[in-house]
Amino acid sequence: MDINNNNKELEIINLSKKYGNKVIFNNLNIQIPKGKSIGIMGPSGTGKSVLLKCILGLTDYEGKILYKGTLLDKRNRKDLYNQSGMLFQNGALFDSLNVWQNITFKLINAGFFYSTVNCLLVAKKMLNQVELGDDILQNMPSELSGGMQKRVALARAIVNSPNILFFDEPTTGLDPLTAKSINNLIFKLTKNNVTSLIISHDPISIQKICDEVIFLIDGIIEWQGNIKEMSASKHKMLKDYLNSKN
Amino acid sequence: MNKNKQNFYYLFPTLIGKNIIIFITSIGNITSFLIYALYKAVIPPFYIKEYVKQIYIIGWASLPVVALTAFFTGGALALQIYSGGTRLNAESAVPSIVAIGFLRELGPVLCGLMVAGRVSSAIAAELATMKVTEQIDALTTLATDPIKFLVSPRIVITTISLPILTTIGNIIGIFGGYLISVERLGFNPILYIESSIKYIEFSDIYSSLIKAAAFGMIISTMGCYFGFRASRGALGVGKATTDSVVFSSILILAFNYFLTELLFR
């Protein structure tokens, strides 16, 4: 990925992470260009989700992570949080809040000062965007199916029109049809000059959504390139991995 | 010296040392967790809705448990003191001992232990579940400090609620003693009330409130701390819940002793 300095949305420099004696990454370097959808693909346990946790400051790490050229540390991630959205693997909806409260959580609690009426209007619009009816506005997350929970979580992630979106295994645990519609939704959302980072072990999702792919094995970038080059690549590990998924 | 004996002499002090280090580290971690939560409670934004919600969950919903416990303990205390007092011809001490005993010891300790069983476990289970299902991580990514949003309201409200609950518990406990003494033991109601009030000092009341506030802080801090540290799915949630109740109860009894030393010396 050839990126000039002004075009970097996110830059990961010499990222290292250990759990006890187990090394997850050692001096990992990744650049995420503005407006691109980057997929991080690889088998389970290879450090994909840990990478996302490092970027979002949810775990300690060594190295540097820059967002729009600004070094992120524990105290100054507010800009990143305000300008980003994250879809967790299991949705991570708040059990004690209903659908509209979950969707508009950021607007109510993160200093956007929206009134209840406005929040309900925004929640309806968001549900519409993720292809759900507004009849579930008052439902609790436990009353929704897995696919619906993912969509509500997606609506929560995009509620304040973020510049950058993070997806952690967006289609894991979903049936093929629901997975396909979630992929379509993410594809639509990421096409409007929104930068996105998608963590997945599913090549179908990656091929559907991403512009570029990083193939990660044991914390090392084994292959990276354009999505169109991926299937034609002669890289043995990547070929084996793609064949094993087909 | 054979090798097994050598190992024992080496391993035993190592084990003790290791546990002492874990214990001291835990005290440090819990203290810094509490200080950070209290610091976050006084700087804006203030999540008023969360505070109001916790008043209901922690304060109001604990009232029946505290009231019932206090009432029956007050009655039992009156019976016990009467039964012991007859041996010393000191039956007339029942009203004052029930009142003073409740205010100084039983009220705050019973209320603390009952609320620890109800609230500390509930807080730990709720936060631990949120932790293992990534809801706490989700809060962070939604630009909301989880300590400020989840921990500060619980600690502040429990610290304020416990003295109120204890005061209500004290009144109900003393009333339980009164009811049993008057209806069952044949005490004169007016004389009972007079001698109950006569020996109560201001220090009995404020010491009760200070103890209750300290216990409230212990209960919620333990619940939140163990909830936030939870890992490994359902097993972690169960462990967090158990640890929070066990440590809250032990700390309440230990702090009760130290506060009694401090307040009544």
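Source: prediction; values computed, not measured.

If you tally the helices and strands in chain B, you get nine helices and zero strands. Starting at the N terminus and ending at the C terminus, chain B contains elements arranged as α-α-α-α-α-α-α-α-α. Dimensions along the principal axes, computed over C-alpha positions, put chain B at roughly 65 × 65 × 35 Å. Taking all 265 residues of chain B together, 45% fall into the buried category. Long-range contacts, defined as pairs at least 24 residues apart, comprise 86% of the intrachain contacts of chain B with a sequence gap of at least 6. Of the accessible surface of chain B, which amounts to about 13,700 Å², a share of 72% is contributed by carbon and sulfur atoms. The averaged location of the 13 negative side-chain charges in chain B is 11 Å from the averaged location of its 19 positive side-chain charges.

This paragraph deals with the overall build of chain A. Along chain A, the regular secondary structure elements total ten helices and ten strands. In terms of its C-alpha atoms, chain A occupies a principal-axis envelope of roughly 55 × 40 × 35 Å. Buried residues in chain A amount to 53% of all 246 residues. Excluding contacts between residues fewer than 6 apart, the proportion of contacts in chain A whose partners are at least 24 apart in sequence is 65%. Of the roughly 11,400 Å² of accessible surface on chain A, 47% is carried by carbon and sulfur atoms. Averaging the locations of the 29 positively and 22 negatively charged side chains of chain A gives two centres separated by 2 Å.

A few words on the state of the cysteines. All names here are of chain B. In the structure shown here, the tally under the stated rule is zero disulfides over all chains. Free of any disulfide, C224 has its nearest neighbouring cysteine sulfur in C111, separated by 18 Å. Note on C224: relative accessible area 0%, which makes it buried.

So, on to the interface of chain A and chain B. A common way to report how large an interface is uses the accessible area buried once the components associate. Each partner contributes residues to the interface: chain A has 20 residues there, and chain B has 16 residues. Interface area for chain A against chain B, summed over the two sides, is near 1,700 Å², with a carbon-plus-sulfur share of 61%. The interface formed by chain A and chain B contains zero salt bridges. Connecting chain A to chain B are four residue pairs in polar contact (both at pLDDT 80 or more).

This next bit is on the pattern of salt bridges. The tally for this structure, following the rule as stated, stands at twelve salt bridges over all chains. A salt bridge links K48 of chain A to E169 of chain A; the nearest nitrogen and oxygen atoms lie 3.9 Å apart. Placement of K48 of chain A in helix α1 (residues 48-55) and of E169 of chain A in the loop between β7 (164-168) and α7 (176-189) is noted, with a sequence separation of 121 residues between them. With respect to burial, K48 of chain A and E169 of chain A carry one shared label: buried. The partner of K40 of chain B in a salt bridge is D145 of chain B, with the nearest N and O atoms 3.4 Å apart.

This next bit is on the confidence of the model for chain A. For chain A, per-residue confidence averages 87 on the pLDDT scale, and 96% of positions sit at 70 or higher. Helix α3 (residues 99-103) of chain A holds the highest mean pLDDT among the elements of chain A, 95, whereas helix α10 (residues 236-245) of chain A holds the lowest, 79.

Right, let's talk about the nonpolar core for a bit. Residue and element names in this part refer to chain A. L15, F25, L51, I65 and F166 are the most contacted members of the largest nonpolar core, which has 80 residues in total. With sequence-adjacent residues up to four places away left out, F166 is seen in contact with L10, L52, I55, L56, L80, S84, G85, M86, L87 and L197. L174, C210, I217 and W223 belong to the second largest nonpolar core, which has 46 residues in total.

All names here are of chain A. Read across the sheet, six strands follow the order β6-β7-β8-β3-β9-β10 without closing on themselves; strand pairing throughout is mixed. What marks the edges here is a single partner per strand, and that holds for β6 (84-87) and β10 (220-226). Sheet twist, expressed as the mean angle between neighbouring strand axes with direction ignored, is 15°. Alignment of β7 against strand β8 (residues 195-200), held across five bridges, turns out to be parallel. From the neighbouring strand, F166 faces β8, where its bridge partner is L197. Along the sheet, α1 makes contact with β3 (37-41), β6, β7, β8 and β9 (212-217), crossing β8 at roughly 145°. Of the strands in this sheet, β6 and β7 touch helix α6 (residues 146-157), which is tilted by about 165° from β6.

This part takes up unusual backbone geometry. Of the consecutive residues P44 of chain B and P45 of chain B, the connecting peptide bond is found in the cis state with omega at 0°. Note on placement: P45 of chain B falls in the loop between α1 (3-41) and α2 (48-59). Residues other than glycine seldom take positive phi values, yet N27 of chain A does so here, at roughly 55°.

All right, on to the packing of helix α4 (residues 94-132) of chain B against helix α7 (residues 189-198) of chain B then. Residue and element names in this part refer to chain B. Direction vectors running N to C along α4 and α7 enclose 45°, while the axes themselves pass 8 Å from each other. On the basis of their axis angle, the class for α4 and α7 is oblique. The handedness of the crossing between α4 and α7 comes out as right-handed. On α7, the residues touching V94, P95, S96, V98 and A99 of α4 are Y192, S195 and S196.

Attention now goes to the packing of aromatic side chains. Within a pair of aromatic rings, the relevant descriptors are the distance that separates the centres and the angle that separates the planes. With the rule as written, the count across this model stands at 16 aromatic pairs over all chains. With 5.3 Å between their ring centres and 75° between their planes, F105 of chain A and F149 of chain B make a pair best called edge-to-face. With F105 of chain A in helix α4 (residues 105-109) and F149 of chain B in helix α6 (residues 146-183), the pair connects residues from two separate chains. Feature note: the residues F71, F72, Y82, F175, Y178, F187 and Y192 of chain B constitute an aromatic cluster, connected by ring pairs. Directly above the ring of F94 of chain A sits R156 of chain A, whose terminal nitrogen or CZ lies 4.8 Å from the centroid. Of note, K208 of chain A hangs over the ring of F187 of chain A, and the distance from its end group to the ring centre comes to 5.1 Å.

Moving on, we get to a nonpolar patch on the surface. Residues and elements named next belong to chain B. Together, F8, Y9, F12, I16, I20, F23, I24 and I27 make up a nonpolar patch on the protein surface, roughly 840 Å² of accessible area in all. Along the chain, Y9 falls in helix α1. Of the residues examined, Y9 reaches a relative accessible area of 48% and is grouped as partly exposed.

Analysis parameters
- Residues numbered from 1 in each chain as written.
- Chains lettered and ligands numbered in written order.
- Predicted model: local features only at pLDDT ≥ 70, side-chain atom pairs only at ≥ 80, totals over all residues.
- Heavy atoms only, no water.
- Helix = DSSP H or I, 4+ residues; strand = E, 2+ residues; numbered from the N terminus.
- Buried < 20%, exposed > 50% of the residue type's maximum accessible area, 1.4 Å probe, protein only.
- Contact = heavy atoms within 4.5 Å.
- Areas by Shrake-Rupley, 256 points an atom, 1.4 Å probe, with all protein chains shown as cover.
- Lys, Arg positive; Asp, Glu negative; His and termini not counted.
- Charge placed at Lys NZ, Arg CZ, Asp CG, Glu CD.
- Disulfide = S-S within 2.5 Å.
- Buried area = accessible area lost by both parts, 1.4 Å probe.
- Salt bridge = Lys/Arg side-chain N within 4 Å of Asp/Glu carboxyl O.
- Polar contact = N/O pair within 3.5 Å; in protein donor to acceptor, adjacent residues only side chain to side chain.
- pLDDT = per-residue confidence, 0-100.
- Core = buried A, V, L, I, M, F, W, Y, C linked by side-chain atoms within 4.5 Å.
- Pairing = 2+ DSSP bridges.
- Axes fitted to C-alpha atoms, helices over the stretch in contact; angles between N-to-C directions.
- Parallel < 35°, antiparallel > 145°, perpendicular 65-115°, else oblique.
- Left-handed = near helix turned anticlockwise from the far one by under 90°.
- Phe/Tyr/Trp six-rings, centres within 6.5 Å; stacked < 30°, edge-to-face > 60°.
- Lys NZ or Arg CZ within 6 Å of the ring centre and 35° of its normal.
- Patch = residues over 30% accessible without salt bridge, like charges linked within 9 Å, V, L, I, M, F, W, Y side chains within 5 Å.

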